Amino acid sequence: MQRKIVSYKNLDHKTASLLLDKYPHGYGDEDIYTLKKPNGEIIEAVEIKTEDTIYLVKISNSLTAFIENFDRVIEAELNKELGQVDLPLTD
């Protein structure tokens, strides 16, 4: 089995979907792996497993935002594809 350390930005769509399925509401301290690179740099990551690869996806502020905003972003993209316009909610 392969092991890879990656940024979420470099995940294919299938693996990114696995990430979102595993952590739909974000991740907690118990989900985080801490690694030390040979140069002393510390990396924090969460784990995603596929049939042939274990991915350690690096944690960053943008990963957190990606997970938190995923539903909103997908809905906006679907609306674009369908030609719908997002209108702000008003009273």
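Above this text is the structure in question.
All of the points below concern the structure found in this document.

Calculation criteria
- Residues numbered from 1 in each chain as written.
- Predicted model: local features only at pLDDT ≥ 70, side-chain atom pairs only at ≥ 80, totals over all residues.
- Heavy atoms only, no water.
- Salt bridge = Lys/Arg side-chain N within 4 Å of Asp/Glu carboxyl O.
- Buried < 20%, exposed > 50% of the residue type's maximum accessible area, 1.4 Å probe, protein only.
- Pairing = 2+ DSSP bridges.
- Helix = DSSP H or I, 4+ residues; strand = E, 2+ residues; numbered from the N terminus.
- Axes fitted to C-alpha atoms, helices over the stretch in contact; angles between N-to-C directions.
- Polar contact = N/O pair within 3.5 Å; in protein donor to acceptor, adjacent residues only side chain to side chain.
- Contact = heavy atoms within 4.5 Å.
- Core = buried A, V, L, I, M, F, W, Y, C linked by side-chain atoms within 4.5 Å.
- Phe/Tyr/Trp six-rings, centres within 6.5 Å; stacked < 30°, edge-to-face > 60°.

1. Considering the pattern of salt bridges
Inference 1: Tallied over the entire structure, the rule returns 1 salt bridge.
Inference 2: In this structure, lysine 37 and glutamate 41 form a salt bridge, with 3.3 Å as the shortest nitrogen-oxygen distance.
Inference 3: Classification of lysine 37 as partly exposed rests on a relative accessible area of 34%.
Inference 4: On the basis of relative accessibility, which here comes to 40%, the residue glutamate 41 falls in the partly exposed class.

2. Side note on the sheet that holds strand 1 (residues 2-6)
Inference 1: In spatial order, the strands read 1-4-3-2; together these 4 strands make up an open sheet with mixed pairing. Only two strands of the sheet have a single neighbouring strand rather than two, namely strand 1 and strand 2 (32-36). The mean inter-strand angle of the sheet, taken between neighbouring strand axes irrespective of direction, is 35°.
Inference 2: As defined by bridge partners, strand 1 adjoins strand 4 (residues 53-58) across 5 bridges and the pair is classed as parallel. Bridge assignment links arginine 3 to a residue of strand 4, and that residue is isoleucine 54.

3. Some remarks on the side chain of threonine 53
Inference 1: Along the chain, the position of threonine 53 falls in strand 4.
Inference 2: Overall, threonine 53 belongs to the buried group, its relative accessible area being 2%.
Inference 3: A distance of 3.2 Å separates polar atoms of two side chains, one belonging to threonine 53 and the other to aspartate 52.
Inference 4: Threonine 53 has contacts with Met1, Gln2, Lys4 and Ile48, leaving out every residue within four places of it along the chain.

4. A look at the environment of threonine 34
Inference 1: Relative to the helices and strands, threonine 34 resides in strand 2.
Inference 2: What makes threonine 34 exposed here is its relative accessible area of 53%.
Inference 3: Along the backbone, threonine 34 and glutamate 44 are 10 residues apart, and their C-alpha atoms lie at a distance of 4.6 Å.
Inference 4: When residues no more than four places from it in sequence are discounted, the contact partners of threonine 34 are Ile42, Ile43 and Glu44.

5. Let's talk about the nonpolar core
Note on soluble globular proteins: their nonpolar side chains tend to be buried together.
Inference 1: Of all hydrophobic cores here, the largest spans 10 residues; its members are Val6, Tyr8, Leu11, Ala16, Leu19, Tyr23, Val46, Ile48, Tyr55 and Val57.
Inference 2: Beyond its immediate chain neighbours, meaning those up to four positions away, isoleucine 48 contacts Thr15, Leu18, Leu19, Lys22, Tyr23, Thr53, Ile54, Tyr55 and Val57.

6. What about the packing of aromatic side chains?
Inference 1: Tallying each qualifying case throughout the model produces 1 aromatic pair.
Inference 2: The interplanar angle of 85° and the centroid separation of 6.3 Å between the aromatic rings of tyrosine 23 and tyrosine 27 together place this pair among those described as edge-to-face.

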